[in-house]
Amino acid sequence: MGPNLHGLFGRKAGSVPGFNYSPALKASKIVWNAQTLDQFLAAPAQKVPGTRMPMKVTDPAKRAALIAYLKAETAK
């Protein structure tokens, strides 16, 4: 399980209290937006070497749909 993704956009990576993030993600200085999330989902270990994120979303259309969904949830 991952951290709660509600309100993801504009949040610093590795900052939700109570979730055991990798030291790499905590130190990444990433602030989530459409571009940083797209890059991370496409290749997590390339964007943040040492991350514990085990999966990637290689299909650009699926990444775009996921990002649009998360963006809509953030706006609520």
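It should be emphasised that the depicted structure is a prediction, and the values quoted were computed from it without experimental measurement.

### What to know about the overall build of the protein
(1) Moving on: In terms of regular secondary structure, the protein is built from four helices and zero strands.
(2) Moving on: The globule rule puts the C-alpha radius of gyration for 76 residues at 11 Å, and the 12 Å found for the protein is close to it.
(3) Moving on: Taking all 76 residues of the protein together, 30% fall into the buried category.
(4) Moving on: For the protein, the share of sequence-separated contacts (at least 6 apart) that also reach a separation of at least 24 residues comes to 37%.
(5) Moving on: Split by element, the accessible area of the protein, about 4,900 Å² in all, is 61% carbon and sulfur.

### Quick word on the packing of aromatic side chains
(1) Moving on: Overall, the coordinates contain two aromatic pairs when judged by the stated rule.
(2) Moving on: Note on Phe19 and Tyr21: the rings are 4.8 Å apart at their centroids and 70° apart in plane angle, and the pair reads as edge-to-face.
(3) Moving on: Look at Tyr21 and you get buried, because its relative accessible area is 8%.

### A word on the side chain of Thr51
(1) Moving on: Summarising the element assignment, Thr51 is placed in the loop between helix 3 (44-47) and helix 4 (60-75).
(2) Moving on: Here the side chain of Thr51 touches Met53 through a polar contact of 3.3 Å, landing on its backbone nitrogen.
(3) Moving on: Ignoring anything within four residues of it in the chain, the contact list for Thr51 reads Ser22, Ala24, Phe40, Pro44 and Ala45.

### Comments concerning the nonpolar core
(1) Moving on: Of all hydrophobic cores here, the largest spans 15 residues; its most connected members are Leu25, Trp32 and Leu37.
(2) Moving on: Put simply, the parts of the chain that give this core at least two residues each are helix 2 (34-42) and helix 4.
(3) Moving on: The element contributing the most residues to this core is helix 2, with three residues.
(4) Moving on: Not counting the four nearest positions on each side in its chain, Trp32 is found in contact with Leu8, Phe9, Gly10, Arg11, Lys12, Ala13, Leu25, Leu37 and Phe40.

### Looking at the side chain of Arg63
(1) Moving on: Secondary-structure assignment places Arg63 in helix 4.
(2) Moving on: Judged by its relative accessible area of 9%, Arg63 is buried.

What counts, and at which threshold
- Residues numbered from 1 in each chain as written.
- Predicted model: local features only at pLDDT ≥ 70, side-chain atom pairs only at ≥ 80, totals over all residues.
- Heavy atoms only, no water.
- Helix = DSSP H or I, 4+ residues; strand = E, 2+ residues; numbered from the N terminus.
- Rg over C-alpha atoms; globule rule 2.2 N^0.38 Å.
- Buried < 20%, exposed > 50% of the residue type's maximum accessible area, 1.4 Å probe, protein only.
- Contact = heavy atoms within 4.5 Å.
- Areas by Shrake-Rupley, 256 points an atom, 1.4 Å probe, with all protein chains shown as cover.
- Phe/Tyr/Trp six-rings, centres within 6.5 Å; stacked < 30°, edge-to-face > 60°.
- Polar contact = N/O pair within 3.5 Å; in protein donor to acceptor, adjacent residues only side chain to side chain.
- Core = buried A, V, L, I, M, F, W, Y, C linked by side-chain atoms within 4.5 Å.

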